[in-house]
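Examination of the molecular architecture
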Amino acid sequence: MSPAPPVVVVMGVSGSGKSTVGRLLAERLAVPFVEADGLHSAANRAKMAAGRPLDDEDRGPWLLSVADWIRRATTSGRGGVIACSALKRAYRDVFRGAGPVLFLHLALDRAAARRRVENRRGHFMPARMVDSQYAALEPLRPDEPGVTVDATADPRSIVDEVSSACAKAADDS
């Protein structure tokens, strides 16, 4: 019997390429993909669109929705990939409590993130919010299951690089 596919949380600040890399990775792994921004309430999206950062109280129900998606992807045995900022260790701990996950941190410097967000169309997150994301960002720690990669690399190269980590995570589960 082959091991269950992993649940991968593609994390990083806005503009790091989470959705692009997440979709490619899900395609490679033949698992479902979800964009965690779609799990935010309309009120949260409106608050961010107005340039006001979310606080932990705003994020509480959203974190539970993400954790519920992870739990369902894990218990179903189908695995999955979710693009989610997952900026703080406490948030990632909520996700790890929902089932085994592998974090893929797309690391990007502030100036590059700002440029990418400024050039993005049709997204609710304004470029002026990038600084608040860096203020909240807690990079992966050695005891967290995951890898950190350079977000300026070609997305397909990133997927190539992390596919082996995903296979190992599936074997270990």
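Residues numbered from 1 in each chain as written. Predicted model: local features only at pLDDT ≥ 70, side-chain atom pairs only at ≥ 80, totals over all residues. Heavy atoms only, no water.

If you tally the helices and strands in the protein, you get 7 helices and 5 strands. Secondary structure elements of the protein occur, N-terminal to C-terminal, as β-α-β-α-α-β-α-β-α-α-β-α. Scored against the burial criterion, the 173 residues of the protein give a buried share of 45%. Within the protein, contacts between residues separated by at least 24 positions form 75% of all contacts whose residues are at least 6 apart in sequence. Here the protein has roughly 8,300 Å² of accessible surface; of this, 53% comes from carbon and sulfur atoms. (Helix = DSSP H or I, 4+ residues; strand = E, 2+ residues; numbered from the N terminus. Buried < 20%, exposed > 50% of the residue type's maximum accessible area, 1.4 Å probe, protein only. Contact = heavy atoms within 4.5 Å. Areas by Shrake-Rupley, 256 points an atom, 1.4 Å probe, with all protein chains shown as cover.)

Take the pattern of salt bridges next. Counted by the stated rule, this structure contains 11 salt bridges. Residue aspartate 93 is joined to arginine 89 by a salt bridge in which the shortest nitrogen-to-oxygen separation is 2.9 Å. Highlighted residues: aspartate 93 and arginine 89, both in helix H4 (residues 89-98), separated by 4 residues, approximately one helical turn. Among the ionic pairs, arginine 96 bridges to aspartate 93, the shortest N-O distance being 3.0 Å. (Salt bridge = Lys/Arg side-chain N within 4 Å of Asp/Glu carboxyl O.)

By the secondary structure assignment, proline 32 is in the loop between helix H1 (18-29) and strand S2 (33-35). Between the C-alpha atoms of proline 32 and glycine 80, which are 48 residues apart in sequence, the distance is 4.8 Å.

Time to look at the sheet that holds strand S3 (residues 80-83). Overall, parallel pairing links the 5 strands, which are arranged S2-S3-S1-S4-S5 in an open sheet. If you trace the sheet from one side to the other, it starts and ends with S2 and strand S5 (146-150), each paired once. Ignoring strand direction, the axes of neighbouring strands in this sheet form an average angle of 20°. Looking at chain direction, strand S1 (residues 7-11) and S3 are connected through 4 bridges and run parallel. (Pairing = 2+ DSSP bridges. Axes fitted to C-alpha atoms, helices over the stretch in contact; angles between N-to-C directions.)

Moving on to H1. Taking 1.5 Å of rise per residue, 12 residues should cover 16 Å, and H1 covers 16 Å from first to last C-alpha, within 8% of that figure. Restricting attention to buried positions, one finds in H1 the residues Lys18, Val21, Gly22, Leu24, Leu25 and Ala26. Two residues or fewer after H1 comes alanine 30, characterised by a positive phi angle close to 55°. (Expected span 1.5 Å × (residues − 1).)

Attention shifts here to the packing of helix H3 (residues 56-75) against H4. It is at 8 Å that the axes of H3 and H4 come closest, and there the two elements cross at 30°. The orientation of H3 relative to H4 falls into the category roughly parallel. Where H3 crosses over H4, the handedness of that crossing is right-handed. Seen from H3, the contacting residues are Asp56, Arg59, Leu63, Val66, Ala67, Ile70 and Arg71; seen from H4, they are Tyr91, Val94, Phe95 and Ala98. Looking at the contact of H3 with H4, its residues break down into 8 nonpolar, no polar and 3 charged. (Parallel < 35°, antiparallel > 145°, perpendicular 65-115°, else oblique. Left-handed = near helix turned anticlockwise from the far one by under 90°. Nonpolar A, V, L, I, M, F, W, Y, C, P; charged D, E, K, R; others polar.)

Moving on: the nonpolar core. Counting 27 residues, the largest nonpolar core has Val8, Val10, Val21, Leu25, Val81, Leu104 and Leu106 as the members making the most contacts within it. Among the secondary structure elements, those contributing two or more residues to this core are S1, H1, strand S4 (101-107), helix H5 (110-119), helix H6 (130-136) and helix H7 (155-172). Examining the composition of this core, we find that 5 residues originate from one element, H7, more than from any other. When sequence neighbours within four positions are dropped, the list of residues in contact with leucine 25 reads Val8, Val81, Leu104, Val159, Val162, Ser163 and Cys166. One finds Val9, Ala36, Ala73 and Ala86 within the second-largest nonpolar core, a separate group that totals 21 residues. (Core = buried A, V, L, I, M, F, W, Y, C linked by side-chain atoms within 4.5 Å.)

Counting through the fold element by element, serine 85 comes out in the loop between S3 and H4. In this structure serine 85 comes out as buried when scored by relative accessible area, which is 16%. Not counting residues within four places of it along the chain, the set of residues in contact with serine 85 comprises Met11, Gly12, Lys18 and Trp62.

Spatial relationships are all this shows, so hold off on functional conclusions.
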